[in-house]
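# Fold and contact review
Residues per chain, in single letters:
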Amino acid sequence: MGQIFTYVFLAIYSVTIIGILLVVITENRNPLKTLPWIILLTLAPVVGLVIYFFFGQNLSKQHIISRRTRKRMTTELKERRTGSGVIPPHYRPLARMLSTTAAATPLYGSRITPYTDGHSKMEALLAEIATARHHIHLQYYILADDLTTRRLCDALCAKVREGVRVRILYDDVGCAGVKNSFFESLRRNGIEVYSFLRVAFPLFTSKVNYRNHRKIVVIDGRVGFVGGMNIADRYVMGTEWGTWRDTHFKIEGNGALALQTSFLSDWSATTRHVVTGDEYFPLQPAFNTGILQMVASGPFGKWRSLLQAVSYAVTRAEKRVWVQTPYYLPSDVLNNAFQEAALAGIDVTLMLPRRSDSRFIDLASHSFLDDMLKAGVKIALYEPGFLHSKLLVIDDRLTIIGSANMDFRSFEHNFEISGFVYDDEFNRRMSGIFLDDMSRCHLLTPAEWFSRSRGRRVAESFMRIFSPLM
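Reading the values: the criteria
- Residues numbered from 1 in each chain as written.
- Predicted model: local features only at pLDDT ≥ 70, side-chain atom pairs only at ≥ 80, totals over all residues.
- Heavy atoms only, no water.
- Helix = DSSP H or I, 4+ residues; strand = E, 2+ residues; numbered from the N terminus.
- Buried < 20%, exposed > 50% of the residue type's maximum accessible area, 1.4 Å probe, protein only.
- Pairing = 2+ DSSP bridges.
- Axes fitted to C-alpha atoms, helices over the stretch in contact; angles between N-to-C directions.
- Contact = heavy atoms within 4.5 Å.
- Arc of directions from axis to C-beta.

Here the focus is unusual backbone geometry. In the Ramachandran plot, Ala103 falls in the positive-phi region, its phi being about 50 degrees despite a non-glycine side chain. Inspection of the secondary structure puts Ala103 in the loop between helix 5 (92-102) and strand 1 (107-108). One non-glycine residue, Asp395, adopts positive backbone phi at about 55 degrees. Within the secondary structure, Asp395 sits in the loop between strand 16 (391-394) and strand 17 (398-402).

So this is what it looks like as structure tokens:
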């Protein structure tokens, strides 16, 4: 009898492995991604099967947000936006691409205020929360149970007592270290709190790799916040080994409606309840003549809208491409775009932290720098602490801001939100911030870099293998 069970088990197991191999092959992925899965599942089927269920399934054809809800939110945004402007001719194909792949509506006249440290961002956020009259919407990858978060939560609870509706979305993986009692205390105080793509069976094995990395606040539909900062002490107080340099933005005007659209779409996907109405999409004043497209990107759907748009914008640069990112783990398309721009004589400067919050990611990121330096890309290492800022300044008119890093996870696995700002005055301001940060950087020289030890090179190459999973 025991032998029969063994044979039955082996038969079922073999059929499962063969079935997964057929699924991987018929999904028509990039061969460079398909081949490693075939090798892993063939040579180490037990380990490969586990890893595949956690990280390998292609869920791009799923629709966690219904087309009907997405269309309704987009229509609401288009109907309530005010003013009209002209996108510079050079960027019209880019804007059209974003409209096609991400339903990103060009919005006129938003006022964007940058914050380069956690303290000023938190003070501005709390000041706006104090003025709320109808609703406050928050969405964060990380909400830590610490002093900074409790201060925010106290302010939110006070607004609930005034009759303001407060809704919170948090990422279940980003907040994995936070006890459920913390969120239950918020619910007891009248705040509506939900986790996005909750990590629990049967969803655990298929969706743990797809996380919501957006950081969004919308207050009364008139003002919003977006950028790289989560809610935790380290974003305000720094780390044990240095400051925490980050960038966040307050957006007033039509851009706040785009943040509202993104939040309410995710809220609908999570709660199965559609929230809409004039009180959530109020008419907005025009503060300037700039144009903004907010791009909500994610792993579900045919197009990798953010990766495609950033790569396209880099290839069409004429003067400079200045990049800030905490992690550099790019796809071949984006990596080649930066190198080709540098080879064409464009000033391409990549600013990374001297040290990030992950030794393994540092090694993987550094494995890409050899070819970048050979192509003429300038590599600037930020010295005072951890550079967590996400920023691209391209030529004189285009600036890309938001939550996305220059890595596989942000472009292919995460739900992110980025703003494409077509405005020369804003571009000058962000260029000034970039240059100010450059004064705190060490500019890496080829001679210095290529003299590093062989052991270091081997470690970098080894960690690069795992870069799509980081």
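Now, onward.
To continue, consider the pairing of strand 11 (residues 320-324). Along any regular strand the residues' side chains alternate between the sheet's two faces. Taken across its five residues, strand 11 has five buried, putting it largely inside the fold. Neither face of strand 11 is open: one carries Arg320, Trp322 and Gln324, the other Val321 and Val323, and all of them are buried. For strand 11 and strand 13 (residues 347-353), the ladder comprises five bridges, and the chain directions are parallel. Bridged to Arg320 within strand 13 is Asp347. Bridge count between strand 11 and strand 16: four bridges; the pairing is antiparallel. In the strand pairing of strand 16, Val323 is matched with Leu392.

Taken in spatial order, the seven strands make up an open sheet running 2-9-7-6-3-4-5, and their pairing is mixed. Because the sheet does not close on itself, it has two edges, and the strands there are strand 2 (111-115) and strand 5 (192-196). This sheet shows a mean twist of 15 degrees between the axes of neighbouring strands, independent of strand direction. Inspection of the sheet shows strand 3 (residues 135-140) paired to strand 4 (residues 165-171) by six bridges, in the parallel sense. The partner of Tyr140 across the bridge, within strand 4, is Tyr170. This element, helix 6 (residues 118-130), spans strand 2, strand 3, strand 6 (216-219), strand 7 (223-227) and strand 9 (248-252) of the sheet and lies at about 155 degrees to strand 7.

Moving on: helix 5. Within helix 5, burial applies to Leu94, Ala95, Leu98 and Ala102. Along helix 5, the residues classed as buried sweep out an arc of 100 degrees about the axis, all on the same side. The outward face of helix 5, more than 90 degrees from its buried face, is lined by the exposed residues Arg96 and Thr100. Summarising the contacts, the buried residues of helix 5 are in contact with strand 10 (291-297), helix 12 (305-315), strand 17 and strand 19 (416-422). Just downstream of helix 5, Ala103 is the residue with a positive phi angle, here 50 degrees.

Right, let's talk about the pairing of strand 6 for a bit. On strand 6, burial covers both faces: Ile216 and Val218 on one face and Val217 and Ile219 on the other are all buried. Alignment of strand 3 against strand 6, held across four bridges, turns out to be antiparallel. Paired with Gln139 across the two strands is Ile216, which belongs to strand 6. The hairpin turn running from strand 6 into strand 7, its antiparallel successor, is three residues long, and Asp220 in that turn takes a positive phi close to 55 degrees.

So yeah, pure geometry; function would need other evidence.
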